[in-house]
Amino acid sequence: MKKIIAFAGSNSKKSINKELVIYASGLQQEAEVSILDLNNYPLPMYGVDEEMENGIPENAAKFLEKIKEADGIVISLAEHNGNFTVAFKNIIDWMSRIEQKVWHNKPLLLLSTSPGARGGASAMEIAKNGFPHIGANVIANFSLPKFYDNFKNGSVVNEEFNQKIKEAVTTFLKAV
Ligand SMILES: Cc1cc2nc3c(=O)[nH]c(=O)nc-3n(C[C@H](O)[C@H](O)[C@H](O)COP(=O)(O)O)c2cc1C
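Residues numbered from 1 in each chain as written. Predicted model: local features only at pLDDT ≥ 70, side-chain atom pairs only at ≥ 80, totals over all residues. Heavy atoms only, no water.

In the nomenclature of an unreviewed UniProt entry, the protein chain corresponds to NAD(P)H-dependent FMN reductase from the organism Tenacibaculum gallaicum.

Time to look at the pattern of salt bridges. Opposite charge on two side chains lets them pair, provided their charged atoms get close. Using the criterion set out here, one finds six salt bridges in the structure. For the salt bridge of Lys128 with Glu125, the shortest nitrogen-to-oxygen distance reads 3.2 Å. Here Lys128 and its partner Glu125 are both found in helix 5 (residues 121-130), three residues apart, which amounts to about one turn of the helix. Judged by its relative accessible area of 31%, Lys128 falls in the partly exposed class. (Salt bridge = Lys/Arg side-chain N within 4 Å of Asp/Glu carboxyl O. Helix = DSSP H or I, 4+ residues; strand = E, 2+ residues; numbered from the N terminus. Buried < 20%, exposed > 50% of the residue type's maximum accessible area, 1.4 Å probe, protein only.)

Overall, the coordinates contain two cavities of 30 Å³ or more when judged by the stated rule. In this structure, the largest cavity occupies an estimated 40 Å³ of space. Lining the largest cavity are Ile4, Ala24, Ser25, Gln28, Val33, Val74, Leu109, Val169, Phe172 and Leu173. Residue assignment for the lining of the largest cavity shows that the elements contributing at least two residues are helix 1 (16-25) and helix 7 (159-175). When its residues are assigned to classes, the lining of the largest cavity shows eight nonpolar, two polar and no charged. Taken together, Ala8, Ser10, Asn11, Ser12, Ser15, Lys18, Leu36, Asp37 and Asn39 make up the lining of the second largest cavity. Class assignment for the residues of the lining of the second largest cavity results in two nonpolar, five polar and two charged. (1 Å grid on protein atoms, 1.4 Å probe; cavity = no way out; pocket = protein on both sides within 12 Å on 5 of 7 lines; lining within 4 Å. Points joined across faces, edges and corners; volume = space filled by probe spheres on them. Nonpolar A, V, L, I, M, F, W, Y, C, P; charged D, E, K, R; others polar.)

Turning our attention to the environment of Asp71. By the secondary structure assignment, Asp71 is in the loop between helix 3 (58-69) and strand 3 (72-77). Placed 70 residues apart in sequence, Asp71 and Met1 show a C-alpha to C-alpha distance of 9.7 Å. Sequence-distant contacts of Asp71, defined by excluding residues within four places in its chain, comprise Lys2, Lys3, Pro107 and Val176. (Contact = heavy atoms within 4.5 Å.)

This paragraph deals with the site of the ligand. What surrounds the ligand is the set Ser10, Ser12, Ser15, Ile16, Asn17, Ala78, Glu79, His80, Asn81, Gly82, Ser114 and Pro115. A distance of 2.8 Å separates an oxygen atom of the ligand from a polar backbone atom of Gly82. Split into classes, the residues belonging to the shell around the ligand amount to three nonpolar, eight polar and one charged. (Near = heavy atom within 4 Å. Polar contact = N/O pair within 3.5 Å; in protein donor to acceptor, adjacent residues only side chain to side chain.)

So this is what it looks like as structure tokens:
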């Protein structure tokens with residue numbers, strides 16, 4: 001069975017993106033999914049001085065290992081001020097100090113959501129444009145707008161959006 005890792009680009013304990021990633025992962029039974037949480041990989045803020053003085057933390061290597069072992073990756077991006085959250089950018093920066101192509105050419109399904117009407121579309125654009133430079137093979141993407149209107153009791157309740165996320169998962173799985 002193929003192995004997928006799925007996680008939110010957020011360190012919020014109540015992350016709505018983690019809820020979305022869990023929902024998306026549960027839409028299929030073809031692959032075995034491990035849900036990861038950035039909170040289980042705490043890291044100091046990346047800085048060249050920090051790296052010089054204390055080296056690359058073990059947790060960056062551990063997360064990179066999870067990526068390398070996976071056949072596919074599902075990420076739901078949280079958006080802070082039109083960009084990635086600090087926690088997500090931080091782990092990418094640390095991993096890139098071990099290997100620059102952090103995504104290892106793995107098939108990637110990119111999701112995002114936020115309470116706002118754009119559903120994290122700015123963070124999504126940054127990922128779509130930037131991730132291929134660090135080894136990403138982005139297969140499909142979907143942004144869910146207005147999370148609290150469109151997602152209830154663990155599921156996407158808007159039929160149009162539900163169809164779109166299902167299509168994105170199906171497309172992704174074909175590439176895994
Ligand atoms: C510092 C900060 C900046 C934010 N900026 C944005 C933003 O630019 N766009 C947006 O749609 N939501 C923004 N939000 C709201 C987040 O989308 C919301 O907190 C969401 O729950 C974050 O996802 P998460 O729960 O998975 O961490 C911001 C929230 C915070 C705390």
